[in-house]
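Read off the chains here:
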Amino acid sequence: NSGYESMGGLSVSPSGRVTAVWREVNGGNRSLAYSWYAPGGSWSSGASLPVGNTSMGYIGPVVSTGSAGDLWVTWVSSYNDYRIRASALDPAAGWGPVADVGVSQDSIAAPQLAVNGDGQAFLAYQAVINGRRSEAIAHYSPEWGWRDAGTLSTPWNPSSGPTDVRVAVGKGGTFLLLAVL
(Lines give C-alpha, C1' and ligand atoms only; values in the text may rest on other atoms or scores of the structure.)
Protein backbone atom coordinates (compact mmCIF):
# COMPACT_ATOMS: atom_id res chain seq x y z
CA ASN A 1 0.00 0.00 0.00
CA SER A 2 1.03 3.65 -0.03
CA GLY A 3 1.04 3.97 3.75
CA TYR A 4 3.39 2.44 6.28
CA GLU A 5 3.38 -0.68 8.35
CA SER A 6 4.77 -1.65 11.73
CA MET A 7 5.22 -5.27 12.72
CA GLY A 8 3.06 -6.72 15.41
CA GLY A 9 3.73 -10.41 15.84
CA LEU A 10 4.11 -13.93 14.49
CA SER A 11 2.61 -17.23 15.60
CA VAL A 12 3.08 -20.79 14.38
CA SER A 13 0.31 -23.42 14.58
CA PRO A 14 1.00 -27.11 15.31
CA SER A 15 0.52 -27.80 11.58
CA GLY A 16 3.27 -25.29 10.75
CA ARG A 17 1.06 -22.44 9.47
CA VAL A 18 2.69 -19.09 10.27
CA THR A 19 0.42 -16.09 10.92
CA ALA A 20 1.69 -12.50 10.95
CA VAL A 21 -0.22 -9.44 12.20
CA TRP A 22 0.79 -5.80 11.82
CA ARG A 23 -0.52 -2.24 11.96
CA GLU A 24 -1.02 -0.25 8.76
CA VAL A 25 -1.54 3.48 8.33
CA ASN A 26 -2.64 4.74 4.93
CA GLY A 27 -3.54 8.41 4.87
CA GLY A 28 -5.89 8.97 7.83
CA ASN A 29 -7.03 5.36 7.94
CA ARG A 30 -5.53 2.88 10.34
CA SER A 31 -6.03 -0.85 10.28
CA LEU A 32 -4.72 -4.13 11.56
CA ALA A 33 -3.70 -6.57 8.87
CA TYR A 34 -2.79 -10.24 8.76
CA SER A 35 -1.33 -12.82 6.42
CA TRP A 36 -0.35 -16.45 6.74
CA TYR A 37 2.07 -18.89 5.24
CA ALA A 38 1.21 -22.56 4.85
CA PRO A 39 4.09 -25.07 4.74
CA GLY A 40 5.03 -25.78 1.13
CA GLY A 41 3.01 -22.81 -0.10
CA SER A 42 3.43 -19.06 -0.12
CA TRP A 43 2.28 -16.08 1.94
CA SER A 44 -1.37 -15.11 1.50
CA SER A 45 -2.19 -11.56 0.41
CA GLY A 46 -2.45 -9.22 3.37
CA ALA A 47 -6.03 -8.57 4.53
CA SER A 48 -7.52 -6.24 7.13
CA LEU A 49 -8.98 -7.53 10.36
CA PRO A 50 -12.58 -6.27 10.79
CA VAL A 51 -11.86 -4.05 13.79
CA GLY A 52 -14.31 -1.20 13.16
CA ASN A 53 -13.35 2.46 13.61
CA THR A 54 -10.42 3.24 11.29
CA SER A 55 -9.64 6.53 13.06
CA MET A 56 -8.54 4.65 16.19
CA GLY A 57 -4.91 4.15 16.96
CA TYR A 58 -3.84 0.53 17.14
CA ILE A 59 -0.79 -0.35 19.20
CA GLY A 60 1.10 -3.59 19.62
CA PRO A 61 -1.00 -6.21 17.87
CA VAL A 62 -0.04 -9.71 19.00
CA VAL A 63 -1.16 -13.11 17.75
CA SER A 64 -1.22 -16.55 19.33
CA THR A 65 -2.28 -19.94 17.96
CA GLY A 66 -3.58 -22.69 20.23
CA SER A 67 -2.69 -26.36 19.86
CA ALA A 68 -6.06 -26.94 18.15
CA GLY A 69 -5.19 -24.30 15.53
CA ASP A 70 -7.46 -21.58 16.92
CA LEU A 71 -6.08 -18.09 16.44
CA TRP A 72 -6.45 -14.98 18.64
CA VAL A 73 -5.28 -11.43 17.96
CA THR A 74 -5.18 -8.76 20.67
CA TRP A 75 -4.21 -5.10 20.43
CA VAL A 76 -4.36 -1.83 22.32
CA SER A 77 -6.78 0.74 20.94
CA SER A 78 -5.83 4.31 21.75
CA TYR A 79 -8.72 6.52 20.71
CA ASN A 80 -9.96 8.63 23.67
CA ASP A 81 -8.90 5.86 26.07
CA TYR A 82 -6.62 2.86 26.25
CA ARG A 83 -8.29 -0.54 26.01
CA ILE A 84 -7.20 -4.02 25.11
CA ARG A 85 -9.36 -5.50 22.38
CA ALA A 86 -9.37 -9.02 20.94
CA SER A 87 -10.84 -11.09 18.12
CA ALA A 88 -10.62 -14.79 17.31
CA LEU A 89 -10.53 -16.50 13.94
CA ASP A 90 -12.82 -19.46 13.36
CA PRO A 91 -11.57 -21.00 10.10
CA ALA A 92 -15.12 -22.03 9.15
CA ALA A 93 -16.89 -18.77 10.06
CA GLY A 94 -14.20 -16.06 9.80
CA TRP A 95 -13.29 -13.42 12.37
CA GLY A 96 -15.45 -13.19 15.46
CA PRO A 97 -16.69 -9.97 17.04
CA VAL A 98 -14.23 -7.56 18.62
CA ALA A 99 -14.31 -7.87 22.42
CA ASP A 100 -13.17 -5.42 25.06
CA VAL A 101 -10.73 -7.11 27.44
CA GLY A 102 -10.52 -5.63 30.92
CA VAL A 103 -11.32 -2.01 31.65
CA SER A 104 -10.13 1.35 30.37
CA GLN A 105 -6.74 2.26 31.84
CA ASP A 106 -4.62 5.41 32.07
CA SER A 107 -2.10 3.69 29.77
CA ILE A 108 -1.59 0.19 28.36
CA ALA A 109 1.42 -1.33 26.60
CA ALA A 110 3.24 -4.57 25.73
CA PRO A 111 0.43 -7.13 25.55
CA GLN A 112 1.49 -10.79 25.72
CA LEU A 113 -0.91 -13.56 24.66
CA ALA A 114 -1.05 -17.37 24.87
CA VAL A 115 -3.80 -19.78 23.73
CA ASN A 116 -4.13 -23.42 24.78
CA GLY A 117 -5.80 -26.39 23.07
CA ASP A 118 -9.03 -25.97 25.07
CA GLY A 119 -9.69 -22.60 23.40
CA GLN A 120 -8.72 -20.63 26.49
CA ALA A 121 -6.53 -17.54 26.21
CA PHE A 122 -4.39 -15.77 28.81
CA LEU A 123 -3.32 -12.16 28.36
CA ALA A 124 -0.82 -10.11 30.38
CA TYR A 125 -0.04 -6.44 29.74
CA GLN A 126 1.54 -3.39 31.32
CA ALA A 127 -1.03 -0.92 32.64
CA VAL A 128 -1.03 2.33 34.58
CA ILE A 129 -4.02 2.14 36.92
CA ASN A 130 -4.74 5.19 39.10
CA GLY A 131 -1.18 6.41 38.53
CA ARG A 132 0.44 3.08 39.55
CA ARG A 133 2.25 0.80 37.09
CA SER A 134 1.04 -2.80 37.20
CA GLU A 135 1.00 -5.94 35.12
CA ALA A 136 -2.66 -6.68 34.44
CA ILE A 137 -3.93 -10.15 33.61
CA ALA A 138 -7.06 -11.28 31.73
CA HIS A 139 -8.37 -14.77 30.99
CA TYR A 140 -10.71 -16.01 28.23
CA SER A 141 -12.80 -19.14 28.39
CA PRO A 142 -15.28 -20.23 25.70
CA GLU A 143 -17.88 -20.67 28.47
CA TRP A 144 -17.80 -17.12 29.87
CA GLY A 145 -15.71 -14.90 27.57
CA TRP A 146 -13.03 -12.48 28.76
CA ARG A 147 -12.60 -11.79 32.49
CA ASP A 148 -10.23 -9.53 34.36
CA ALA A 149 -7.93 -11.75 36.43
CA GLY A 150 -6.27 -8.99 38.47
CA THR A 151 -2.84 -7.39 38.65
CA LEU A 152 0.64 -8.35 39.82
CA SER A 153 2.61 -6.34 42.35
CA THR A 154 5.89 -6.98 44.10
CA PRO A 155 5.32 -8.40 47.60
CA TRP A 156 7.90 -6.11 49.19
CA ASN A 157 6.61 -2.94 47.51
CA PRO A 158 2.90 -3.10 46.58
CA SER A 159 3.04 0.39 45.03
CA SER A 160 5.41 -0.84 42.31
CA GLY A 161 4.56 -3.47 39.71
CA PRO A 162 6.78 -5.85 37.74
CA THR A 163 8.86 -4.39 34.94
CA ASP A 164 8.16 -7.09 32.36
CA VAL A 165 5.95 -10.15 31.91
CA ARG A 166 5.71 -13.07 29.49
CA VAL A 167 3.00 -15.69 29.18
CA ALA A 168 3.15 -19.15 27.59
CA VAL A 169 1.29 -22.46 27.49
CA GLY A 170 2.86 -25.32 29.42
CA LYS A 171 2.40 -29.07 29.42
CA GLY A 172 -1.24 -30.12 29.63
CA GLY A 173 -2.50 -26.68 28.53
CA THR A 174 -1.63 -24.86 31.75
CA PHE A 175 -0.60 -21.21 31.52
CA LEU A 176 2.85 -20.10 32.64
CA LEU A 177 3.55 -16.53 33.71
CA LEU A 178 7.07 -15.11 34.04
CA ALA A 179 7.43 -11.70 35.65
CA VAL A 180 10.53 -9.63 36.36
CA LEU A 181 9.94 -8.23 39.86
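Up top is the structure these notes are about.
In short, a report on the structure.

Calculation criteria
Residues numbered from 1 in each chain as written. Predicted model: local features only at pLDDT ≥ 70, side-chain atom pairs only at ≥ 80, totals over all residues. Heavy atoms only, no water. Helix = DSSP H or I, 4+ residues; strand = E, 2+ residues; numbered from the N terminus. Buried < 20%, exposed > 50% of the residue type's maximum accessible area, 1.4 Å probe, protein only. Contact = heavy atoms within 4.5 Å. Core = buried A, V, L, I, M, F, W, Y, C linked by side-chain atoms within 4.5 Å. Phe/Tyr/Trp six-rings, centres within 6.5 Å; stacked < 30°, edge-to-face > 60°. Lys NZ or Arg CZ within 6 Å of the ring centre and 35° of its normal. Pairing = 2+ DSSP bridges.

**Focus on the overall build of the protein**
Scanning the protein for helices and strands turns up zero helices and 15 strands. Within the protein, the fraction of its 181 residues that count as buried is 39%. The contacts of the protein with a sequence gap of at least 6 include a subset with a gap of at least 24, amounting to 35%.

**Considering the nonpolar core**
Among the nonpolar cores identified, the biggest contains 17 residues, and Trp-72, Leu-123 and Trp-146 are the most heavily contacted of them. Listing elements by their share of this core, those giving two or more residues are strand S6 (71-77), strand S7 (82-90), strand S10 (107-115), strand S11 (121-129) and strand S12 (132-141). Ranked by the residues each element gives to this core, the list is headed by S11, at four residues. Sequence-distant contacts of Leu-123, defined by excluding residues within four places in its chain, comprise Thr-74, Ile-84, Val-101, Pro-111, Gln-112, Leu-113, Ala-136, Ile-137, Ala-138 and Trp-146. Residues Tyr-34, Val-51, Tyr-58 and Trp-95 belong to the second largest nonpolar core, which totals 12 residues.

**Brief notes about the packing of aromatic side chains**
In the structure shown here, the tally under the stated rule is six aromatic pairs. Aromatic pair Tyr-34 and Trp-95: ring centres 5.2 Å apart, planes at 70 degrees, arrangement edge-to-face. Separated by 61 residues along the polypeptide, Tyr-34 in strand S3 (residues 29-37) and Trp-95 in strand S8 (residues 94-95) bring together distant segments of the chain. Take Tyr-34 and Trp-95: they sit in the same class, and that class is buried. When the ring of Trp-72 is compared with that of Trp-146, the centres are 5.5 Å apart and the planes differ by 85 degrees; the resulting orientation is edge-to-face. You can see Trp-72 sitting in strand S6 and its partner Trp-146 sitting in strand S13 (residues 145-152), a full 74 residues away along the chain. In this arrangement the basic side chain of Arg-17 is found over the ring face of Trp-36, its NZ or CZ atom lying 4.8 Å from the centre.

**Considerations on the environment of Ala-86**
Mapped onto the fold, Ala-86 is located in strand S7. When its relative accessible area of 0% is taken as the criterion, Ala-86 is described as buried. Between the C-alpha atoms of Ala-86 and Asp-100, which are 14 residues apart in sequence, the distance is 6.7 Å. Look past the residues within four positions of Ala-86 in its chain and what remains in contact with it is Trp-72, Val-73, Thr-74, Trp-75, Pro-97, Val-98, Ala-99, Val-101 and Trp-146.

**Focus: the pairing of S7**
The sheet contact formed by S6 and S7 spans seven bridges and is antiparallel. Bridged to Leu-71 within S7 is Leu-89. Where S7 and S8 come together, two bridges link them in antiparallel fashion. Its bridge partner being in S8, Leu-89 is matched across the sheet by Trp-95.

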